[in-house]
Every structure is written in structure tokens, then in C-alpha cells.
Amino acid sequence: MNGYDENRRRFLGKLGLTLGATLSGTRVMHGENAPEAEIVTISADQKLFMQNYERWMDDFIEVNKFQKKEPFNLENNMKIVALSEEAKLFQQQLIGYMKEENFARYFMVATERMTLSI
């Protein structure tokens, strides 16, 4: 396994552990989905965070799709490493926000498409 794969696995593992540990007490993890008609409200700061995170997520999905087609493309692999590094900037704030159930629900719905692409 090369350094890129190792870093990617470590990043995705940390992301999964962070989300899993934070969400273990929420209804989402217990199989209780919010009704479709229910609107989840989050604060203005959380909305701004999610706008930035969703931009990052869109970029990550694109490079991940390309990586599946061309796993040894150096330029694309460098983009994945850069995006993985960028994700570290979100971590502290995300951990704090994930303690709120409404944000956790919003986040899980918003990140489902990235999870499915990986």
C-alpha cells in the first residue's frame, strides 16, 4: 500500500470514527429517521459551515470518481491528499456541531451522497 492509500484510509477511518462516536446517542443511529415533512433547523453559523463543507464535499466526490477510473493519476491523487488535509480544518468545528441533534441530522442527510460515492 502506498502513502496515498494509507493517508486516505486513515482520513476516512477518522471521519467514520468521529461521526460514529458523535452520533451514537442520536436517533439517527438508532434507525429512527426524521419524517420527510419535518424541517431541521440549524443556526446561521452552522449553515455557513455546511455551505463550506458541501463545497468541499462536491470537490471530494469529483476527485474520488476520477480516482476510481484512474487510480494512479498523480495529479488527481495530489488533489485527494490536499482535500484530505483541508478536511482537518473542519474537524474541531464539526465535532462541536455534531453534539446537537438537529445539526447531526442535517449533516447526515447532506453527506449521504458522499458516503455512497466512496
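Keep in mind it's a predicted model, so treat the numbers as computed, not measured. (Residues numbered from 1 in each chain as written. Predicted model: local features only at pLDDT ≥ 70, side-chain atom pairs only at ≥ 80, totals over all residues. Heavy atoms only, no water.)

**Thoughts on helix α2 (residues 44–69)**
Consideration 1: Taking 1.5 Å of rise per residue, 26 residues should cover 38 Å, and α2 covers 38 Å from first to last C-alpha, within 8% of that figure.
Consideration 2: Those residues of α2 lying buried are Gln46, Phe49, Met50, Tyr53, Trp56, Met57, Phe60, Ile61, Val63, Asn64 and Gln67. (Helix = DSSP H or I, 4+ residues; strand = E, 2+ residues; numbered from the N terminus. Expected span 1.5 Å × (residues − 1). Buried < 20%, exposed > 50% of the residue type's maximum accessible area, 1.4 Å probe, protein only.)

**Points about helix α4 (residues 101–117)**
Consideration 1: Relative to the 24 Å expected for 17 residues at 1.5 Å per residue, α4 spans 25 Å between its end C-alpha atoms, a close match to the ideal helical length.
Consideration 2: Considering bend angle alone, the principal kink of α4 is centred on Thr111 and spans about 45°.
Consideration 3: All buried positions along α4 are accounted for by Phe103, Ala104, Arg105, Phe107, Ala110, Thr111, Met114 and Ser117. (Bend = angle between axes of the 7 residues up to and from the residue.)

**Details of the confidence of the model for the protein chain**
Consideration 1: Of all residues in the protein chain, 67% attain a pLDDT of 70 or more, and the chain-wide mean is 79.
Consideration 2: The least confident element of the protein chain is helix α1 (residues 3–23), whose mean pLDDT is 56; the most confident is helix α3 (residues 74–97), at 95. (pLDDT = per-residue confidence, 0-100.)

**Let's talk about the nonpolar core**
Consideration 1: Counting residues in each nonpolar core, the largest one holds 21 residues, and the members touching the most others are Phe49, Met50, Tyr53, Trp56, Phe103, Phe107 and Met114.
Consideration 2: Sequence-distant contacts of Phe49, that is, excluding residues within four places in its chain, are made with Phe90, Gln93, Leu94, Tyr97 and Phe103. (Core = buried A, V, L, I, M, F, W, Y, C linked by side-chain atoms within 4.5 Å. Contact = heavy atoms within 4.5 Å.)

**Structural notes on the packing of aromatic side chains**
Consideration 1: Using the criterion set out here, one finds 11 aromatic pairs in the structure.
Consideration 2: Members of the aromatic cluster, each reached through a chain of ring pairs, are Phe49, Tyr53, Trp56, Phe60, Phe90, Tyr97, Phe103 and Phe107. (Phe/Tyr/Trp six-rings, centres within 6.5 Å; stacked < 30°, edge-to-face > 60°.)

**Overview of the environment of Ile39**
Consideration 1: Along the chain, Ile39 falls in the loop between α1 and α2.
Consideration 2: Given a relative accessible area of 73%, Ile39 falls into the exposed group.
Consideration 3: For Ile39 and Tyr106, which are 67 residues apart along the polypeptide, the C-alpha to C-alpha distance reads 9.4 Å.

**Here's the deal with the pattern of salt bridges**
Consideration 1: What the rule picks out here adds up to 6 salt bridges.
Consideration 2: Two residues, Glu86 and Arg55, come together in a salt bridge whose shortest N-O distance is 2.4 Å. Note that Glu86 is positioned in helix α3 and Arg55 in helix α2, a separation of 31 residues in sequence.
Consideration 3: One continuous salt-bridge network, built from bridges that share partners, spans Arg55, Asp59 and Glu86. (Salt bridge = Lys/Arg side-chain N within 4 Å of Asp/Glu carboxyl O.)

**Describing the packing of α2 against α3**
Consideration 1: Taken N-terminus to C-terminus, the directions of α2 and α3 make an angle of 155°; their axes are 10 Å apart at the nearest point. On the basis of their axis angle, the class for α2 and α3 is roughly antiparallel. Relative to α3, α2 is oriented so that their crossing is left-handed. Listed contacts from α3 to Asp45, Gln46, Phe49, Asn52, Tyr53, Arg55, Trp56, Asp59, Phe60, Val63, Phe66 and Gln67 of α2 are Asn76, Asn77, Lys79, Ile80, Leu83, Ser84, Glu86, Ala87, Phe90, Gln93, Leu94 and Tyr97.
Consideration 2: Class assignment of the residues belonging to the contact of α2 with α3 gives a composition of 12 nonpolar, 7 polar and 5 charged. (Axes fitted to C-alpha atoms, helices over the stretch in contact; angles between N-to-C directions. Parallel < 35°, antiparallel > 145°, perpendicular 65-115°, else oblique. Left-handed = near helix turned anticlockwise from the far one by under 90°. Nonpolar A, V, L, I, M, F, W, Y, C, P; charged D, E, K, R; others polar.)

**A short note on the packing of α2 against α4**
Consideration 1: Relative to each other, α2 and α4 sit at 15°, their axes nearing to 9 Å. Taken together, the axes of α2 and α4 are roughly parallel relative to one another. The handedness of the crossing between α2 and α4 comes out as right-handed. Of the residues in α4, those in contact with Gln46, Phe49, Met50, Tyr53, Glu54, Trp56, Met57, Asp58, Phe60, Ile61, Asn64 and Lys68 of α2 are Phe103, Tyr106, Phe107, Ala110, Thr111, Arg113, Met114 and Ser117.

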